[in-house]
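Given next are the chains, with one letter for each unit.
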Amino acid sequence: MKKTHSLVTRLQHLGTMPCDADNPVASVATPSMRTSTVRFHSLDQLDHTESLRAQGERAMSYGRMGLQTHADLEQIFVALENGDRCFLASSGVAAISMTLLSLLSQGDHMVCTDNVYGPVRSLDETILQRMGIRTTYVGGHDYAAIEAAITPNTKILYAESPGSLLLEMLDFRALSEIVEKHHLIFVVDNTWGSGLIYSPLDLGADISIIAGTKYVGGHSDLMLGAVVVKGAELGARIDKNQYALGYSISADDAWLAIRGVRTMPIRMKQHAENALQVCEFLASLDATVAIYHPAYAGDKHHDLWQRDCKGSNGLLSVAFKGSREQTRAFVDALEVFYIGYSWGGFESLVQWVRPQGLVHHSYASDELRSGEHQLIRLHVGLEDVNDLIADLQQAYEKAFSA
């Protein structure tokens with residue numbers, strides 16, 4: 001496909017089987033190529049393949065590195081993120097660990113925005129610290145504090161936008177200026193944007209990580225992570241470490257992700273439309289004190305979302321004034337919303353957020369950190385939005401009527 005075509009059009013054609021003079025009849029979808037073993041016609045062909053791999057090129061030599069199904073999915077992620085190279089992992093967390101273990105060594109230091117996905121802190125506490133790698137967490141909008149945290153050993157600035165739980169937008173252009181000034185590597189978590197609605201690599205990031213488990217898959221039936229890199233040098237470093245560490249995904253999961261990405265543009269558009277209507281409903285409730293959703297006009301960073309994003313999705317959080325018991329009763333009373341941790345699938349989900357999960361989050365209000373206000377995260381799915389609002393209404397009346 002020509003790159004001049006829109007991304008939405010290219011997503012419908014990438015990863016399809018070639019149909020040309022050499023292949024006059026072909027299926028549309030690339031099949032799931034399940035194999036552990038690759039065979040070679042001759043030793044010369046094997047030598048050629050190994051030579052290509054030594055040069056950092058993608059060459060199919062063993063099932064762990066994937067065959068055409070995997071290669072097609074990698075090409076799709078490169079198109080989504082406008083990057084140069086993609087590496088697949090078995091989950092979003094695996095993609096994060098692959099990246100950090102590839103780029104950090106004993107004695108190195110990382111500056112990390114304090115709004116990141118919780119398992120990043122777990123990776124820091126259980127693996128990175130044991131390896132002698134130090135991490136400093138700083139508010140993503142406190143540029144003076146970020147610069148103050150940088151040391152001669154700092155190698156990475158790691159950020160997530162919109163942030164986990166409170167969905168605050170960060171100014172990647174401003175952060176990339178700090179990265180360039182101090183010669184760091186700028187690594188970002190772009191699971192919320194999934195490449196389609198947000199393009200961090202175009203805003204100065206060097207590496208973008210996506211949990212394809214979410215909107216890329218879209219059907220809550222696979223686990224997947226992807227690391228998209230800009231630049232040959234970084235790509236070569238991650239390539240070597242991915243191979244050495246044994247990261248791999250199944251061909252079936254790659255096939256499911258390719259299938260899911262075909263409908264991602266229309267799914268995310270509907271998720272976003274439903275979410276804004278839910279935001280308007282939540283804003284009408286007496287107990288609501290804040291709505292966190294960058295596409296919502298009442299969000300603190302709505303202007304930044306308008307500047308940098310091309311769309312939105314169904315993920316939002318709402319803060320209620322009320323007791324722990326009231327908000328937990330609200331969650332338990334929901335019938336259409338399932339209680340669950342994930343998001344990005346077809347179904348609506350709700351999560352009650354424990355105040356201690358926000359203790360280290362600089363963007364959280366004092367009321368949220370203390371437990372005076374309660375935070376609930378919603379993923380607004382593809383159900384009829386009138387049913388979703390009615391479900392929220394009945395649960396609210398049961399929990400807050402007293």
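Basis of the calculations
Residues numbered from 1 in each chain as written. Predicted model: local features only at pLDDT ≥ 70, side-chain atom pairs only at ≥ 80, totals over all residues. Heavy atoms only, no water. Pairing = 2+ DSSP bridges. Helix = DSSP H or I, 4+ residues; strand = E, 2+ residues; numbered from the N terminus. Contact = heavy atoms within 4.5 Å. Axes fitted to C-alpha atoms, helices over the stretch in contact; angles between N-to-C directions. Phe/Tyr/Trp six-rings, centres within 6.5 Å; stacked < 30°, edge-to-face > 60°. Buried < 20%, exposed > 50% of the residue type's maximum accessible area, 1.4 Å probe, protein only. Lys NZ or Arg CZ within 6 Å of the ring centre and 35° of its normal. Left-handed = near helix turned anticlockwise from the far one by under 90°.

Engineer: Mind showing me how you'd approach the sheet that holds strand β11 (residues 349-353) here?
Structural biologist: In any sheet, the strands associate via hydrogen bonds between backbone groups, in a parallel or an antiparallel arrangement. Pairing within the open sheet is mixed, and its five strands lie in the order β8-β9-β12-β11-β10. Each edge of the sheet is formed by a strand with only one pairing partner; in this case those strands are β8 (288-292) and β10 (338-339). The sheet contact formed by β11 and strand β12 (residues 373-379) spans five bridges and is antiparallel. The residue of β12 that forms the bridge with Val-353 is Leu-375. In the packing of helix α9 (residues 251-283) onto the sheet, the strands contacted are β8, β9 (315-321) and β12, and the crossing angle to β9 comes to about 10°.

Engineer: So what exactly am I meant to see when it comes to the packing of aromatic side chains here?
Structural biologist: Summed over the entire model, instances satisfying the criterion amount to ten aromatic pairs. On the numbers, 4.8 Å between centres and 20° between planes, the contact of Tyr-396 with Phe-400 is stacked. Linking Tyr-396 with Phe-400, this pair stays in helix α13 (residues 385-400), spanning four residues, or about one helical turn. On the basis of relative accessibility, which here comes to 12%, the residue Tyr-396 falls in the buried class. On the accessibility criterion, Phe-400 (14% relative accessible area) is buried. Each residue in the set Phe-172, Phe-186, Trp-192 and Tyr-198 is aromatic and connected to the rest through ring pairs, giving one cluster. A cation sits over an aromatic face here: Arg-121 above Tyr-137, 4.0 Å from the ring centre.

Engineer: Looking at this model, I keep getting lost on the packing of helix α11 (residues 324-333) against α13. Mind explaining?
Structural biologist: A packed helix pair is summarised by two numbers, namely the angle formed by the two axes and the spacing between the axes. At their nearest, the axes of α11 and α13 sit 8 Å apart, and the two run at 145° to each other. Classified by chirality, the crossing of α13 by α11 is right-handed. Two secondary-structure elements touch here, α11 through Gln-326, Thr-327, Ala-329, Phe-330 and Ala-333 and α13 through Asp-391, Leu-392, Gln-394, Ala-395, Tyr-396, Lys-398, Ala-399 and Phe-400.

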